[in-house]
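Here's the letter readout for the chains.
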Amino acid sequence: MLHQYLPVLVFAALGILVGGAFATLNLVLGPKRLKGDESSAAIRQMDPYECGLPSEISKTFRFGVSFYLVAMLFILFDIEVVFLYPVGAILKSTDSVFVLAEVVLFVALLFVALIYVWRKGALDWR
Amino acid sequence: MPDLVLGLPLADTNFVDATWIMIVKSLVIFIVILSLVPLLLLGERKLLGRFQQRYGPNRVGPYGLGQPLADVGKLLSKQAFRPKGAVPFLYEIAPALTIISAVLTLAILPFGDVQGDVGFYGIDVPIGILYFFAFSSIAFYGLLLGGWASGSKYSFLGAMRSAAQLISYEIAMGLSLLGVVMMAGSLSLVDIVKAQGEVWYVVPQIVGFLIFLVGGFAETNRPPFDLPEADAELVAGYGTEYGGMRFGSFMFAEYMEMLIVSGIASTMFLGGWMGPGPPGLDPVWMLLKMIVLTIFFIWIRATLPRFRYDQLMSFGWKILLPLATLNVLVTAVLVVVT
């Protein structure tokens, strides 16, 4: 049964091979360090990209709360999609109005949720 | 015949190849797509050149055919580099993650039906299209980790943008394929192609097709949805701090994903491997459809300007999502009634 998933392992191995090679080849083939190791250019090279003033950057700096909101909405609606897939796959073979009614009811409920979120202004990017 | 488990029919995938055939065909599919990627890179630059009334690359080799090789050579000879604020392990693993995810997704593309002892596809499993969504979503971790671990604000903003964009359009994309799944009654991509014997699903599912294409542009960060790497405001988005072949990995994965999205669109809507001629030509038809769709991606890049970020988000949530939902409802009713 699981035997048919074997190619996944082959593709995974190929992906790791290529990805790993791309990520490490520069260590082997590229120049090891900048000329004149102690020069200010060699030190400045390690700075993150910045335009103009020196960068004052830390990994914990803040970002807009809108991103967080989008992530929450995504979980809500993506679960809707995931739940619909199994039902969608059997809809034709069962051919029953009951299953159809279930689908329509489920989607309608989430559509109401979408309209609520929309009216609340959560879909407007700020 | 469909298996009956708990009284419900499941997508049947009775045919399983011999082990060595599985390994060989995986290698063949991988090598074909791998060699398509540099050609695609060159093709894009050539076409963009023509769209802008210039020649494009034509110095390296005949017709500039050596250009991708020269590019790779240049990228490989760069210094391996990590900026000061970067998180060591994550910074290095992020580009590899995007490549692994793209290569894994390749396995699902069907290039033909079972012929003799060989199924012309990587895998044909009951979960089918969910496999595509599962593995193409992993690319998202590559971008997000890469941008976050770089320790640069341009990278970080680019990563957050691409994360929000990817998840917003993934919902509409998932719903757009649901119509096809309902009509075919199966999740297996091979079964879905076979179900298109009479009419390709692009005709009854034209709305789904268009939504999927738009979602595909957004998922692969292609223009007009290339906000994460908007060069005018974010330098290069999540890739700002990357150089050499690590930067190349992101580009490589982007082009591979473009091919994969084209492949899925061909499979779900354009009849997959179907075309005139003997069954031996099936993989050729599939590749041809993929390449035509990819050229369409390039054409759009030359034609449309970039979205503004708030336009992008409201387009995804306020237009595509309701439209895709309606498409699903109408399809569901039509499938049961007819």
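Residues numbered from 1 in each chain as written. Chains lettered and ligands numbered in written order. Predicted model: local features only at pLDDT ≥ 70, side-chain atom pairs only at ≥ 80, totals over all residues. Heavy atoms only, no water.

Caption draft 1: Local environment of the pairing of strand β4 (residues 118-121) of chain B. Residue and element names in this part refer to chain B. By the alternation rule, side chains of β4 split into Gly119 and Tyr121, which are all buried, and Val118 and Phe120, of which none is buried. In this sheet, β4 lies alongside strand β3 (residues 110-115) in antiparallel orientation, the contact comprising three bridges. Each bridged residue has a counterpart across the sheet, and for Pro110 the counterpart in β4 is Tyr121. The turn joining β3 and β4, which pair antiparallel and follow one another in sequence, is formed by two residues; a positive phi near 65° is taken by Gly116. (Buried < 20%, exposed > 50% of the residue type's maximum accessible area, 1.4 Å probe, protein only. Helix = DSSP H or I, 4+ residues; strand = E, 2+ residues; numbered from the N terminus. Pairing = 2+ DSSP bridges.)

Caption draft 2: Focus on the packing of aromatic side chains. Scanning the model with the defined rule gives 17 aromatic pairs over all chains in all. Here the aromatic rings of Phe83 of chain A and Phe106 of chain A are separated by 6.3 Å at their centres, their planes lie at 55°, and the arrangement is tilted. Of this pair, Phe83 of chain A sits in helix α3 (residues 65-94) while Phe106 of chain A sits in helix α4 (residues 97-119), and the two are 23 residues apart along the sequence. Note on Phe83 of chain A: relative accessible area 51%, which makes it exposed. Look at Phe106 of chain A and you get partly exposed, because its relative accessible area is 28%. Taken together through their ring pairs, the aromatic side chains of Tyr169, Phe225, Phe307 and Phe315 of chain B make up a single cluster. (Phe/Tyr/Trp six-rings, centres within 6.5 Å; stacked < 30°, edge-to-face > 60°.)

Caption draft 3: Molecular detail of the packing of α3 of chain A against helix α5 (residues 153-184) of chain B. With their axes 9 Å apart at the nearest point, α3 of chain A and α5 of chain B run at an angle of 15° to one another. Relative to α5 of chain B, the element α3 of chain A is oriented roughly parallel. The two elements α3 of chain A and α5 of chain B cross, and the hand of that crossing is left-handed. When its residues are assigned to classes, the contact of α3 of chain A with α5 of chain B shows 21 nonpolar, three polar and four charged. (Axes fitted to C-alpha atoms, helices over the stretch in contact; angles between N-to-C directions. Parallel < 35°, antiparallel > 145°, perpendicular 65-115°, else oblique. Left-handed = near helix turned anticlockwise from the far one by under 90°. Nonpolar A, V, L, I, M, F, W, Y, C, P; charged D, E, K, R; others polar.)

Caption draft 4: Geometry of the pattern of salt bridges. Residue and element names in this part refer to chain B. Evaluated as defined, the whole model comprises six salt bridges over all chains. Put simply, Arg222 and Glu44 hold a salt bridge, and the shortest N to O gap is 2.6 Å. Of the two residues, Arg222 sits in the loop between α7 (206-219) and α8 (231-234) while Glu44 sits in helix α1 (residues 19-51), which places them 178 residues apart along the sequence. The class for Glu44 is buried, based on a relative accessible area of 1%. Members of the salt-bridge network, linked through shared partners, are Glu44, Arg222, Glu254 and Arg301. (Salt bridge = Lys/Arg side-chain N within 4 Å of Asp/Glu carboxyl O.)

Caption draft 5: Helix α9 (residues 244-269) of chain B, seen in detail. Residues and elements named next belong to chain B. Compared with an ideal rise of 1.5 Å per residue, which puts 26 residues at 38 Å, α9 spans 38 Å between its outermost C-alpha atoms and is within 8% of the ideal. With 24 of its 26 residues buried, α9 lies for the most part within the structure. At the C-terminal side of α9, Gly271 shows a positive phi close to 75°. (Expected span 1.5 Å × (residues − 1).)

Caption draft 6: Inspection of the interface of chain B and chain A at higher detail. Taken residue by residue, the interface counts 87 residues in chain B and 67 residues in chain A. Between chain B and chain A, roughly 7,000 Å² of surface is buried when both sides are summed, and carbon and sulfur atoms account for 76% of that area. On the chain B side of the contact with chain A, Gln79, Trp317 and Lys318 of chain B bury the most area, a combined 10% of that side's loss. Taken together, the links from chain B to chain A amount to zero salt bridges. At the junction of chain B with chain A, the criterion picks out seven residue pairs in polar contact (both at pLDDT 80 or more). For the side of chain B that touches chain A, the elements supplying multiple residues, two or more each, are β2 (8-10), α1, α2 (67-76), α3 (88-106), α4 (129-149), α5, α9 and α11 (309-337) of chain B. (Contact = heavy atoms within 4.5 Å. Buried area = accessible area lost by both parts, 1.4 Å probe. Polar contact = N/O pair within 3.5 Å; in protein donor to acceptor, adjacent residues only side chain to side chain.)

Caption draft 7: Representation of the packing of α7 of chain B against α9 of chain B. Residues and elements named next belong to chain B. Interhelical geometry of α7 versus α9 gives an angle of 170° and a closest axis separation of 10 Å. Put simply, α7 runs roughly antiparallel to α9. Residues Gly208, Phe209, Phe212, Gly216 and Glu219 of α7 form the contact with α9, whose own contacting residues are Glu257, Val261, Ile264, Ala265 and Phe269. When grouped by side-chain class, the residues that make up the contact of α7 with α9 number six nonpolar, two polar and two charged.

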